[in-house]
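Survey of secondary and tertiary structure
So the chains spell out like this:
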Amino acid sequence: MDILIFSPDGKTAAYETGLAEHLPQASIRGWQPGDTAPADYLVLWKPNAQVLQPRERLKAIFNLGAGVDAVLGTRGEDAQRLPAGVPLVRLEDAGMADQMAQYVSAAALRYFRRLDEFDAQQTQGQWKFQKPNRLADFPVAVLGYGTLGAHVAKALKSFGFPVRAWRRSPRSDDSGITLHHGEAGFDACVSGARILVNLLPLTPQTVNVLNAGLFAKLAHGAFLINVARGAHLVEDDLLAALDSGQMAAATLDVFRTEPLPTDHPFWRAPRLTLTPHISALTLRDETVAQIAGKIAALERGESITGIVDPARGY
Ligand code: NAP
């Protein structure tokens, strides 16, 4: 069995070693320009067109991340690059859900407990009581209730926040989280929310979803936490909503252009917290174990989960 690994920076050695430990019978190589040789499995991140050329024996493509927009294109326009009939498999959790829950909970609690205001007081040497917020006044709307969104929503609920979440399908669970679905359920999910968390995949349906129209539906002085993709956010709409006070503050981990250009207005905007796409990192050991397990299952003729529907975009 041949496994070919691609990374845009060419640094594949650690994944080669990791996969070799799990699959000692496999022959594993890092992709070099011009490599069109047969491979049974392709493991990749942000592929170029050459590595996705049809390849003899190819049985599956594994994406080294949960979001597949870098494979399918921001608006799904690159889906036709995929070799016909070869499944694209995404990462499912692999240690990212806990990281996401930590990051989003930290941001939400910081806003709810008014820590920014106490920070500002401290710089003025002020000892001053601030009326505590009430959980009942802090409904949280989570866009995307998949592997990561559901885990984050449950973590927020464990702190007592009233949590609603939005997904595409009408599936329900016993988490106690109020679930809405489809276009018809969108307004009910976001209306009056004090904190908006975005964990949608980037697809033709969800690009630009974080816009002025949505911000206007939230409570006045709402908070945004975007940990999904930069292209979900209409950046000028957020700056305008921060100016008007409709949005009180935002925590952004992802951006349309990464690294965020040094002259980008976000660097100077007040009440923005920016982090360099670190909310949930791909953890090598967990990732290698998950992919190796799925390759072994496919080799035994078993079915696997995490197969992307290119038409749906996630
Ligand atoms: P997932 O399991 O596929 O979940 C996606 C969720 O979004 C599902 O609940 C799905 O609905 C919902 N959804 C998709 N399209 C929708 C639409 N048009 N309308 C309403 N709901 C829609 O994905 P995941 O593993 O949770 O990952 C989510 C995203 O997080 C990734 O795509 C990636 O962009 C981002 N991410 C960011 C980082 C980071 O470090 N910042 C790290 C990892 C992932 P159904 O439940 O009905 O299918």
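The chain is annotated in an unreviewed UniProt entry as Glyoxylate/hydroxypyruvate reductase A from Pandoraea terrigena.

Right, let's get into the overall build of the chain. Assigned secondary structure in the chain consists of nine helices and 12 strands. For the chain, the spread of C-alpha atoms along the principal axes amounts to about 65 × 45 × 35 Å. When contacts within the chain are restricted to residue pairs at least 6 apart in sequence, long-range pairs at least 24 apart make up 64% of them. Of the roughly 15000 Å² of accessible surface on the chain, 53% is carried by carbon and sulfur atoms. Across the chain, the mean location of the 31 positive side-chain charges is 6 Å away from that of the 33 negative side-chain charges.

One pass over the structure, following the stated rule, counts 13 salt bridges. A salt bridge links D40 to R57; the shortest N-O distance between them is 3.2 Å. One end of the pair, D40, is in the loop between β2 (27-30) and β3 (41-44); the other, R57, is in the loop between β3 and β4 (60-63), and 17 residues separate them in sequence. Between E92 and K294 there is a salt bridge whose closest N-O contact spans 2.6 Å. Of this pair, E92 sits in the loop between β5 (88-89) and α3 (96-112) while K294 sits in helix α9 (residues 284-299), placing them 202 residues apart in sequence. Overall, the relative accessible area of 8% leaves K294 in the buried class. Shared partners join several salt bridges into a network, and the residues in it are D2, D40, R57, K59 and E299.

So, about the nonpolar core. In terms of nonpolar packing, the biggest core is built from 51 residues, with I3, L19, L156 and V197 touching the most fellow members. Of all the elements, α3 adds the most residues to this core, at nine residues. In this structure, this core is formed jointly by two domains, domain 1 (2-94 + 282-299) and domain 2 (96-274), each of which donates at least three residues. Dropping the residues within four chain positions of it, L156 is found in contact with V104, S105, A108, V140, V142, F161, V163 and V197. Ranked by size, the runner-up nonpolar core spans 29 residues in total, among them L196, A250, L260 and A269.

Across the junction of E258 and P259, the peptide omega takes the value -5°, indicating a cis bond. Positive phi values are uncommon outside glycine, yet K46 reaches one of about 45°. By secondary structure assignment, the location of K46 is in the loop between β3 and β4. Non-glycine residue N208 carries a positive phi angle of around 65°.

This part is about the domain arrangement of the chain. Where interface size is given, it is often the accessible area lost as the parts come together that is meant. The domain boundaries assigned to the chain delineate domain 1 (2-94 + 282-299) and domain 2 (96-274). Between domain 1 and domain 2, the C-alpha centre-to-centre distance is 32 Å. Every contact between the two is made by 13 residues of domain 1 and, on the other side, 11 residues of domain 2. Taken together, both faces of the contact between domain 1 and domain 2 bury some 1000 Å²; the carbon and sulfur share is 53%. It is D69, R75 and D93 that lose the most area in domain 1 upon contact with domain 2, and together they represent 49% of the buried surface on that side. Our enumeration of links across domain 1 and domain 2 arrives at one salt bridge. Two residues, D69 and R229, come together in a salt bridge whose shortest N-O distance is 2.9 Å. Linking domain 1 to domain 2 there are four residue pairs in polar contact (both at pLDDT 80 or more). Per-class residue counts for the side of domain 1 that touches domain 2 are five nonpolar, three polar and five charged.

Around the ligand sit 30 residues, and of these R90, T147, L148, S169 and Y314 come closest. A distance of 3.0 Å is found between an oxygen atom of the ligand and a side-chain nitrogen or oxygen belonging to R167. With respect to the ligand, the side chain of R171 contributes an N or O atom lying 3.4 Å from an oxygen atom. Look at the ligand: alone it shows 940 Å² of surface, and the protein chains cover 94% of it.

Parameters at a glance
Residues numbered from 1 in each chain as written. Predicted model: local features only at pLDDT ≥ 70, side-chain atom pairs only at ≥ 80, totals over all residues. Heavy atoms only, no water. Helix = DSSP H or I, 4+ residues; strand = E, 2+ residues; numbered from the N terminus. Contact = heavy atoms within 4.5 Å. Areas by Shrake-Rupley, 256 points an atom, 1.4 Å probe, with all protein chains shown as cover. Lys, Arg positive; Asp, Glu negative; His and termini not counted. Charge placed at Lys NZ, Arg CZ, Asp CG, Glu CD. Salt bridge = Lys/Arg side-chain N within 4 Å of Asp/Glu carboxyl O. Buried < 20%, exposed > 50% of the residue type's maximum accessible area, 1.4 Å probe, protein only. Core = buried A, V, L, I, M, F, W, Y, C linked by side-chain atoms within 4.5 Å. Domains from an automatic or database assignment. Buried area = accessible area lost by both parts, 1.4 Å probe. Polar contact = N/O pair within 3.5 Å; in protein donor to acceptor, adjacent residues only side chain to side chain. Nonpolar A, V, L, I, M, F, W, Y, C, P; charged D, E, K, R; others polar. Near = heavy atom within 4 Å.

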